[in-house]
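Spelled out, the chains give:
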Amino acid sequence: MLFAALAFAAPAAAQDRPVPYWASIDSGKALMRAGPATSYPGIWLYQRRDLPIRVLKIHEDWRLIEDSEGTRGWMRRVLLSDTRTALVTGSSPRPVHAKRDDGSRVRYLVQPGVVGRIDDCREGWCHISFGTREGHIRVSHLWGLSPGEEID
């Protein structure tokens, strides 16, 4: 019986890491609350899976998060994912290139506000995917990475 309790506790402990860190919303609906308990009122309902958020503080099973617009509130850890995503920024469509090079072929343009999954970020570029479409985009066109952060 003790073994089962330890095995159950391990995944939650693995989710704890030094703050701040980046995560994303794992659920199609996730409620942000004014404080770290269900007794606090809901202040925002996110209905966008994979939306990147920044975790600022940890309190038991709750995380103080911040979204791309600077809104802060508390969310249960189980509603978050370690999947790295980013939000396309700006006021006009951004080019997604075939290679990490402004001179490479533009595969397509992506609208501001679109969320993609990122990996292999280095030298000012991230490999990003939007469903089945993928390519490289400048880090400066994304929200969801710390300045100078590289992802392998």
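Residues numbered from 1 in each chain as written. Predicted model: local features only at pLDDT ≥ 70, side-chain atom pairs only at ≥ 80, totals over all residues. Heavy atoms only, no water.

**Q** Looking at this structure, how should I read the overall build of the protein chain?
**A** A count of helices and strands for the protein chain gives one helix and 14 strands. Taken across its 152 residues, the protein chain has 38% of its residues classed as buried. By element, 53% of the accessible surface of the protein chain is carried by carbon and sulfur atoms, the whole surface being about 8600 Å². (Helix = DSSP H or I, 4+ residues; strand = E, 2+ residues; numbered from the N terminus. Buried < 20%, exposed > 50% of the residue type's maximum accessible area, 1.4 Å probe, protein only. Areas by Shrake-Rupley, 256 points an atom, 1.4 Å probe, with all protein chains shown as cover.)

**Q** Quick question: what am I supposed to make of the side chain of Arg33 here?
**A** Checked against the element boundaries, Arg33 lands in strand β2 (residues 30-33). One buried charge, Arg33, has no salt-bridge partner; the nearest side chain with opposite charge is Asp61, at 11 Å. When near neighbours in sequence (up to four residues on either side) are disregarded, Arg33 contacts Thr38, Tyr40, Pro41, Gly42, Ile43, Trp62, Gly73 and Trp74. (Lys, Arg positive; Asp, Glu negative; His and termini not counted. Salt bridge = Lys/Arg side-chain N within 4 Å of Asp/Glu carboxyl O. Contact = heavy atoms within 4.5 Å.)

**Q** What is the right way to read the packing of aromatic side chains from this model?
**A** The relative placement of two aromatic rings is captured by the distance of their centres and the angle of their planes. In total, this model carries three aromatic pairs according to the counting rule given. With a centroid separation of 6.3 Å and 65 degrees between ring planes, the pair formed by Trp44 and Tyr46 is classed as edge-to-face. Over the ring of Tyr108 we find Arg133, and its NZ or CZ is 4.1 Å from the ring centre. (Phe/Tyr/Trp six-rings, centres within 6.5 Å; stacked < 30°, edge-to-face > 60°. Lys NZ or Arg CZ within 6 Å of the ring centre and 35° of its normal.)

**Q** Even after reading the chapter, I still don't get the state of the cysteines, so can you show me in this structure?
**A** Evaluated as defined, the whole model comprises one disulfide. Between the sulfur of Cys121 and that of Cys126 lies a disulfide, 1.9 Å long from S to S. One disulfide, between Cys121 and Cys126, carries an S-S torsion of 115 degrees and so falls in the right-handed class. (Disulfide = S-S within 2.5 Å.)

**Q** Got a minute to help me understand unusual backbone geometry in this structure?
**A** For residues that are not glycine, phi is negative in most cases, and the peptide bond is trans in most cases. The omega torsion of the bond from Val19 to Pro20 falls at 0 degrees, within 30 degrees of zero and hence cis. As for its position among the elements, Pro20 is in the loop between α1 (2-15) and β1 (21-25). We note that Asp50 has phi near 75 degrees; this positive angle belongs to a residue other than glycine. Its place among the elements puts Asp50 in the loop between β3 (42-46) and β4 (52-59).

**Q** Looking at this structure, I do not really get the environment of Leu109. What am I missing?
**A** Mapped onto the elements of the fold, Leu109 is located in strand β10 (residues 106-110). By relative accessible area, Leu109 is classed as exposed at 58%. Among residues more than four places away in sequence, those in contact with Leu109 are Pro93, Arg94 and Pro95.

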